[in-house]
Amino acid sequence: MAKNLKSTVSHTAKSAAPWRKGVPWWLVLIEGIVLAGVGLFMFFGSSSTMVVIMGWIIALVLVAVGAISLYLVSQVTEQSPSRKFTMIHGLVAVGAGGLVILLRLLNMLLPDTAAVVLGFGCLVYGGMGLYTWINKGLVPLRRVSVIGAIFFLIIGALLLLQAFGMATVGMVVQFITIASLIAGIALILWSFALKNSADA
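This text gives an overview of the structure that appears in the document. (Residues numbered from 1 in each chain as written. Predicted model: local features only at pLDDT ≥ 70, side-chain atom pairs only at ≥ 80, totals over all residues. Heavy atoms only, no water.)

Some words on a nonpolar patch on the surface
Phase 1 of the analysis: Together, Trp26, Ile30, Val34 and Val38 give the surface a local cluster of nonpolar side chains, amounting to about 360 Å² of exposed area.
Phase 2 of the analysis: Within the element layout of this structure, Val34 appears in helix H2 (residues 25-44). (Patch = residues over 30% accessible without salt bridge, like charges linked within 9 Å, V, L, I, M, F, W, Y side chains within 5 Å. Areas by Shrake-Rupley, 256 points an atom, 1.4 Å probe, with all protein chains shown as cover. Salt bridge = Lys/Arg side-chain N within 4 Å of Asp/Glu carboxyl O. Helix = DSSP H or I, 4+ residues; strand = E, 2+ residues; numbered from the N terminus.)

Observations regarding the nonpolar core
Phase 1 of the analysis: With 22 residues, the main nonpolar core has Met54, Ile58, Leu62, Leu118, Ile155, Val172 and Ile176 as its most contacted residues.
Phase 2 of the analysis: Those elements that place two or more of their residues in this core are helix H3 (47-75), helix H4 (81-105), helix H5 (111-131), helix H6 (142-163) and helix H7 (169-199).
Phase 3 of the analysis: No other element matches H4, which puts five residues into this core.
Phase 4 of the analysis: Ignoring any residue separated from it by four or fewer positions in sequence, one finds Leu62 in contact with Ala93, Val94, Ala96, Gly97, Leu118, Cys122, Tyr125 and Phe152. (Core = buried A, V, L, I, M, F, W, Y, C linked by side-chain atoms within 4.5 Å. Buried < 20%, exposed > 50% of the residue type's maximum accessible area, 1.4 Å probe, protein only. Contact = heavy atoms within 4.5 Å.)

Some details on H5
Phase 1 of the analysis: Between its terminal C-alpha atoms H5 stretches 30 Å, which fits the 30 Å expected from 21 residues at 1.5 Å a residue.
Phase 2 of the analysis: For H5, the complete set of buried residues consists of Ala114, Ala115, Leu118, Gly119, Gly121, Cys122, Tyr125, Gly126, Met128 and Gly129. (Expected span 1.5 Å × (residues − 1).)

Quick look at unusual backbone geometry
Negative phi characterises most residues that are not glycine, and trans characterises most peptide bonds.
Phase 1 of the analysis: Although it is not a glycine, Asn107 adopts a positive phi angle of roughly 55°.
Phase 2 of the analysis: Inspection of the secondary structure assignment puts Asn107 in the loop between H4 and H5.
Phase 3 of the analysis: By relative accessible area, Asn107 is classed as exposed at 69%.

Comments concerning the environment of Ser69
Phase 1 of the analysis: Tracing the backbone through its elements, the reader meets Ser69 in helix H3.
Phase 2 of the analysis: Along the sequence, Ser69 and Phe85 sit 16 residues apart, while their C-alpha atoms lie 9.7 Å from each other.
Phase 3 of the analysis: Not counting residues within four places of it along the chain, the set of residues in contact with Ser69 comprises Thr86, Gly90 and Tyr125.

Put into structure tokens, the structure is as follows:
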């Protein structure tokens, strides 16, 4: 079952990756332009606007990664520690991100409270990702979890520090801005490489 889940995770990641075989160059270009656009918008936008947008982005990303985890679980029916862990991992992300989105849409959650909920959600989600390096039964999930775990642990820590009075929100915005710009530029360059390869 662990091998089946690992295979499903690997296949899904490869099919969604911009470097997958046969991907249209123009699709990679669009992905790069969108990411670079988000980075530029955050770079030139006002700080107050960026804080609100950043919260929405983090909440939406949590819901997205959680939904992917739950989708992977639905593709494998056999019971195993890896499947159970992936399901709980996904529920944590969807729960934290979805709760913030719902309550913000209903105007029932203040921005500072939303930052605390998102911070704890990111820390728990990231901590569970690092837990795969401790539990030998979750070895197949290690490479999949570690990068996302580190990212969410950093974001979660910065959000909580901001909520408890330390001015770290600027660091969060800068972190996401730089990551978006780098990823966007890399994808744009990769799209041209794919186009040249297709024309050759």
